[in-house]
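# Fold and geometry: a report
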Amino acid sequence: MASAELRDELNCSICLSLYTDPVSLRCGHNFCRSCIVSVLDAQEAGGVYSCPDCREEYPERPALEENRKLCNIVERFLSTQPDMEKTRTFCSYCTKSPVPAVKSCLQCENSLCEDHLTVHNRTMDHVLTEPTSSFGNKKCSIHRKVLEYYCPQDTACLCMSCCLVGKHRGHQVELLDEASDKKKQKLRKYLDELNPQKAAIQTRIQSLQNHKVKIQKKVSEKRNNVNKLFMNIKEQLEIAEKKVLSKISRQEIEMVSKISDLIKKMEIKEDELSRKMRHMEEMCRVTDPIRLLQESDITVCSPGDDEDTGGDGGQINAGEVGLVPGEAEVHVPDPQVQDDETDPKTVLQESAQRASLSDKSVEAEEKAAVSDDKMADDLEDVLISSILRRSMKDIVTYVTSELRFHVPDTLLDADTAHTKMVLSEDMKTAIGLKENQGRPESPGRFQSYNQVLSRCIFSSGRHYWEVEWNQIGQCGIGMCYPSIERNGYQSGIAQNDKSWCLAMCDKKCSAFHNSVIVIPDVNPTCPTLGVFLDYEAGRLSFYQLCDPIRHLHTFRASFTEPLHVILYVYDGASAKIRS
């Protein structure tokens, strides 16, 4: 009843429903905002405004003040009446305002509030249930009587007529309350069994959540580390680029300087030749033969000119043109000729010799320039290649150091190789053959399977290497303890607990350990595989080095001995270790 009275106090006097966005007038009465606005709008035509409750008049349209406290009370009241809001089951006898029902009478098919329930119980002895507006499922659909019994045999709720004359006659029936209590006991027992399972699941979920957080944190750290790593790589690449460009610039300066010097020399010679050619052209225009033949400045002429002229010329010292015995004829003065005269034929011969030597000098310089140019080109390529290789090597060393893993130079141990295997000269490739290679006996040699171990062992740290398979026959790549058997079934790379192997055949791969096989979801289509070992973490992973790189399988183990690389090749298969 208290709930009903409180609801009456929270009803708007205009719409008779709970306040919605309540506001107050100056007189203190409260209304829904939309309700009082509608009333004031209607009163506006008459020019007089009044409160709908007390009729107090206002000369002007009254201001509306939000009643926040009343709004909170309405919201709290609604939160304490969930059933009323969900089921909307109200008392059938409270007609003025809806009051939540507390019980429903199945015989009367009415719902009752607290007050009407008290009156009902004084006059009638009916079956009461929780408030409901649907009475059909509370009564027998055949006899329209209240359901009072339960038949475990048919798992059905029955009325009295069903037990006496219906098809359930003679069945062992129970009262609804008793059957309900029994079912509740079973449910509680089942709950007791499920609670530990739920607790275990919740614990597992929490563990996974913690693991998820750790992974996200680790990924964030890795992402930051990789970002820093690439920033440093970019810096080193920029430094290498500057070195290479600087070297190219220096070589450009040297080469251009040589060519510029050669051009200057050629321009000087060109100017000299031009001067001589102009002088010769002037001499060719001279009509006085005596002047022409006595001209001593003619120093260059063609080898055949002496035959055409047949005259005398000025005298020139052989030492001035650099003649040597056997290269040109030495002029001997004719006693009959005056001292100030020179044999023209001798002058022309000496001039031709000088021109020939000059041409040879130019040709030699040009050849030398070409030779220097070629040498400079070769030197440039060698230096650039050397700088780049050194820079890339430094970057690779830096990356492996930052990622904290080692790239070993793995060599195969010929003393462990099966007698039907061939090893390459660099001890990095193993080939499986059918013919016996006649290897000498060795206590560490495999005798039953075409297998071979590496010389090096791994007892700590993180290591990475690659293996290339020729995609022929059968190939196995893995790690094993030095104590692996050398003979018999247990010596097989997949048949013991001392080895971990990824086997490939016909472009299919399988992971083996101690005769347990795991088929990875991805089959290798790329012949090159990457192998990563983290000894302390007990992790051995295999990757397919395609684009993109795909993970094939990871073994998890607690390694108790040092590990060897082990290869198995059969029927023409070959495996090459790439460090």
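Residues numbered from 1 in each chain as written. Predicted model: local features only at pLDDT ≥ 70, side-chain atom pairs only at ≥ 80, totals over all residues. Heavy atoms only, no water.

Another point: the overall build of the protein chain. Along its length, the protein chain carries ten helices and 24 strands. Going through the 579 residues of the protein chain one by one, you find that 33% of them count as buried. For the protein chain, contacts bridging at least 24 residues in sequence account for 56% of all contacts bridging at least 6. (Helix = DSSP H or I, 4+ residues; strand = E, 2+ residues; numbered from the N terminus. Buried < 20%, exposed > 50% of the residue type's maximum accessible area, 1.4 Å probe, protein only. Contact = heavy atoms within 4.5 Å.)

Turning our eyes to something else, we now look at the sheet that holds strand β9 (residues 149-151). Sheet architecture is open: three strands sit in the order β10-β9-β11, paired in antiparallel fashion. Only two strands of the sheet have a single partner each, and these edge strands are β10 (156-158) and β11 (174-175). Pairing analysis gives three bridges linking β9 to β10, with the strands arranged antiparallel. Bridge assignment links Y149 to a residue of β10, and that residue is L158. (Pairing = 2+ DSSP bridges.)

Here we take up the sheet that holds strand β16 (residues 474-480). What the six strands build is an open sheet, ordered β14-β23-β16-β17-β18-β19; its pairing is antiparallel. In the strand order of this sheet, the two ends are held by β14 (451-458) and β19 (516-518), each with one partner. Going from strand to strand, the sheet's axes swing by 20° on average, the running direction of each strand aside. Across three bridges, the pairing between strand β18 (residues 508-513) and β19 is antiparallel. Residue pairing across strands places A511 opposite V518, the latter belonging to β19. (Axes fitted to C-alpha atoms, helices over the stretch in contact; angles between N-to-C directions.)

This paragraph deals with the pairing of strand β23 (residues 563-570). Counting buried positions along β23 yields seven of eight residues, so the element is predominantly enclosed. Bridge count between β14 and β23: five bridges; the pairing is antiparallel. Of the residues in β23, the one forming a bridge with L453 is I566. In the sheet, β16 pairs with β23 via seven bridges, with the strands oriented antiparallel. Bridging from a neighbouring strand, G476 pairs with Y568 of β23.

Now for a nonpolar patch on the surface. A cluster of nonpolar side chains, M160, L164 and V165, forms an exposed patch at the surface whose accessible area comes to about 280 Å². On the secondary structure map, V165 appears in the loop between α6 (160-164) and β11. Given the relative accessible area of 59%, V165 is considered exposed. (Patch = residues over 30% accessible without salt bridge, like charges linked within 9 Å, V, L, I, M, F, W, Y side chains within 5 Å. Areas by Shrake-Rupley, 256 points an atom, 1.4 Å probe, with all protein chains shown as cover. Salt bridge = Lys/Arg side-chain N within 4 Å of Asp/Glu carboxyl O.)

Next up on the list: the packing of aromatic side chains. Taken as a whole and judged by the stated rule, the model has five aromatic pairs. Taking the centre distance of 5.5 Å and the plane angle of 35° together, the rings of Y535 and F559 count as tilted. Of the two residues, Y535 sits in the loop between β20 (528-534) and β21 (539-544) while F559 sits in the loop between β22 (550-556) and β23, which places them 24 residues apart along the sequence. Residue Y535 is classed as buried on the basis of its relative accessible area of 12%. (Phe/Tyr/Trp six-rings, centres within 6.5 Å; stacked < 30°, edge-to-face > 60°.)

Let us look at unusual backbone geometry. For residues besides glycine, phi is generally negative; the peptide bonds are generally trans as well. Of note in this structure, R55 is not a glycine but carries a positive phi near 65°. When you line up the elements, R55 lands in the loop between β3 (49-50) and β4 (57-58). Positioned with a positive phi, Q471 is a non-glycine residue whose angle comes to about 60°. Within the secondary structure layout, Q471 lies in the loop between β15 (462-469) and β16.

Once that is clear, we can look at the pattern of salt bridges. Pairs can form between side chains of opposite charge once their charged atoms are near each other. Applying the stated rule across the entire model yields twelve salt bridges. For K182, the salt bridge goes to E174, with nearest N and O atoms at 2.7 Å. The structure contains a network of salt bridges with shared partners spanning D41, E44 and R61.

A word on the nonpolar core. Core analysis: the largest hydrophobic core is formed by 36 residues, its most contacted members being W465, I477 and L567. The leading source of residues in this core is β23, at four residues. Apart from residues no more than four positions distant in its own chain, L567 is found in contact with L412, A430, N450, Q451, V452, V467, G476, I477, A575 and I577. (Core = buried A, V, L, I, M, F, W, Y, C linked by side-chain atoms within 4.5 Å.)

For the rest of this paragraph, the subject is helix α3 (residues 68-79). Look at α3: 17 Å from first C-alpha to last across twelve residues, which is about the 16 Å you get at 1.5 Å a residue. Burial in α3 covers these residues: L70, C71, V74 and F77. Here the buried residues of α3 occupy an arc of 125° about the axis, which is enough to place them on one side. For α3, the exposed residues lying more than 90 degrees away from the buried face are K69, R76 and S79. (Expected span 1.5 Å × (residues − 1). Arc of directions from axis to C-beta.)

A few words now on the pairing of strand β24 (residues 574-578). Sheet topology places strand β13 (residues 429-432) next to β24; three bridges connect them, and they run antiparallel. Paired with T429 across the strands is K576, a residue of β24. Looking at chain direction, β15 and β24 are connected through four bridges and run antiparallel. By the bridge assignment, W469 is partnered in β24 with A575.

Further remarks concern the side chain of H553. Residue placement: H553 occurs in strand β22. The class for H553 is buried, based on a relative accessible area of 14%. What H553 contacts, discounting residues up to four positions off in sequence, is A511, V518, P520, L540, S541 and F542.

Scored by pLDDT, the protein chain has a mean of 79; 79% of the residues are at 70 or more. Within the protein chain, no element has a lower average pLDDT than helix α9 (residues 305-309), which sits at 43, and none a higher one than β23, at 95. Contacts for the low-pLDDT stretch residues 83-87, under 50 throughout, to residues beyond four places or in other chains number seven contacts. Across residues 300-342, confidence stays below pLDDT 50; counting only partners more than four residues off in sequence or on other chains, it has 62 contacts. (pLDDT = per-residue confidence, 0-100.)

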